[in-house]
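Each chain, written out:
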Amino acid sequence: MPIDAAKAVAAEPRSAEIGWDHKDVQLYHLGLGAGTPATDPDELRYTLESRLHVLPSFATVAGAGMGVVGGLSAPGVEVNLAAVLHGGQSITLHRPIPVAGRAVTTSRVAAVHDKGKAAVLVLRSETADDDGPLWTSDAQIFVRGEGGWGGDRGPSERLETPAREPDRTVERPVREDQALLYRLSGDWNPLHADPEFAKLAGFDRPILHGLCSYGMTLKAVVDTLLGGDVARVRSYRTRFAGVVFPGETLRIRMWAGDGRVQVTVTAVERDDAPVLADTLVEHS
């Protein structure tokens, strides 16, 4: 079996020094579609260094760490990249991310779940600087064809959609070149740029990074319901329920509660096909 679950989980954590500055933050924000309209004061918080704040989902790309693709080279893990999809993502913020910084990220395979026809790797990264913990990030990686060895199926958390109309609904367009720009933040999987590779993975054309729609959604929540204050975000999790193709439009529905916003995301042009599900932003 290409995945040795026991070996992967027992492997020693790997630590690496990472660093970022305002250019990395600005590039990430632009890759999410920030900066439209370019002179909008609310957008300048994402694009102009003198006003810059950091969207918490930047944690998924800061310095890369072990990263989604890097985690697939962990001991006990040997898989075909064409069989890999990002199944889910969560981040917990311990304090606001600075515009520039240096930190140490420690990464490991926290769990391997057997879903029958697939395996799910949980890649955990914990990042801290000289002042203490910054964030904890879990990526759930879905590997088709690698399940069935009789292992633990793992948790199956589902959020029931509220039985009322959303408090807010917004639409966010995905540019034709957005995946090409977003990948400059460090996710070089050819699935998002190479048409021939996309066909090998079962798609008729490259798809948008799941983490790009993840970041776009958090930005919409912050801008719409949190007064543009990124420091209010405490945690953010989602399950990737479907793909997005560049050129499509995201429809983001939000239900506000006590210290939390529940979200669903769909693709407008494909009759509200699911994109993100079980999505929750917890905030102050």
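Here, the structure is the one placed above.
Quick caveat, the model's predicted, so the values are computed rather than measured. (Residues numbered from 1 in each chain as written. Predicted model: local features only at pLDDT ≥ 70, side-chain atom pairs only at ≥ 80, totals over all residues. Heavy atoms only, no water.)

Take the packing of aromatic side chains next. The description of an aromatic ring pair rests on the distance of the ring centres and on the angle between the ring planes. What the rule picks out here adds up to 6 aromatic pairs. Taking 5.8 Å as the distance between ring centres and 55 degrees as the angle between the ring planes, the aromatic pair formed by Trp20 and Trp135 counts as tilted. Of this pair, Trp20 sits in strand E1 (residues 14-20) while Trp135 sits in strand E5 (residues 132-144); the two residues are 115 residues apart in sequence, bridging distant segments of the chain. Residue Trp20 is classed as buried on the basis of its relative accessible area, which comes to 5%. On the accessibility criterion, Trp135 (2% relative accessible area) is buried. Judged by centre distance (4.1 Å) and plane angle (15 degrees), the rings of Tyr214 and Tyr236 are stacked. Of the two residues, Tyr214 is situated in helix H7 (residues 210-225) and Tyr236 in strand E7 (residues 233-240); the sequence distance between them amounts to 22 residues. Residue Tyr214 shares its accessibility class with Tyr236, and that shared class is buried. Connected via pairs of aromatic rings, a cluster forms that spans Trp20, Tyr28, Phe58, Trp135 and Tyr182. Geometry around Phe245 places Arg205 over its ring, the cationic atom sitting 4.0 Å from the centre. It is Lys219 that lies over the ring of Tyr46; its NZ or CZ is 4.6 Å from the centre. (Phe/Tyr/Trp six-rings, centres within 6.5 Å; stacked < 30°, edge-to-face > 60°. Helix = DSSP H or I, 4+ residues; strand = E, 2+ residues; numbered from the N terminus. Buried < 20%, exposed > 50% of the residue type's maximum accessible area, 1.4 Å probe, protein only. Lys NZ or Arg CZ within 6 Å of the ring centre and 35° of its normal.)

Moving on to unusual backbone geometry. Following Thr36, the chain continues into Pro37 via a peptide bond in cis, with omega recorded as -5 degrees. Tracing the chain through its elements places Pro37 in the loop between helix H2 (22-31) and helix H3 (41-47). Backbone geometry at Asp271 places phi at a positive 55 degrees, although glycine is not the residue there. Within the secondary structure layout, Asp271 lies in the loop between strand E9 (260-267) and strand E10 (273-283). With phi around 60 degrees, Asp272 is a residue other than glycine that occupies positive phi space. With respect to the helices and strands, Asp272 occurs in the loop between E9 and E10.

To continue, consider the pattern of salt bridges. Tallied over the full model, the rule gives 17 salt bridges. Across the pair Lys199 and Glu196 runs a salt bridge, and its minimum N-O distance is 3.9 Å. Note that Lys199 and Glu196 are positioned in helix H6 (residues 195-200) at a spacing of 3 residues, about one turn of the helix. (Salt bridge = Lys/Arg side-chain N within 4 Å of Asp/Glu carboxyl O.)

We now examine the side chain of His192. Relative to the elements of secondary structure, His192 occurs in the loop between helix H5 (178-182) and H6. If near-sequence neighbours (up to four positions away) are discounted, His192 is found in contact with Ala179, Leu180, Asp187, Pro206, Ile207, Leu208 and His209. (Contact = heavy atoms within 4.5 Å.)

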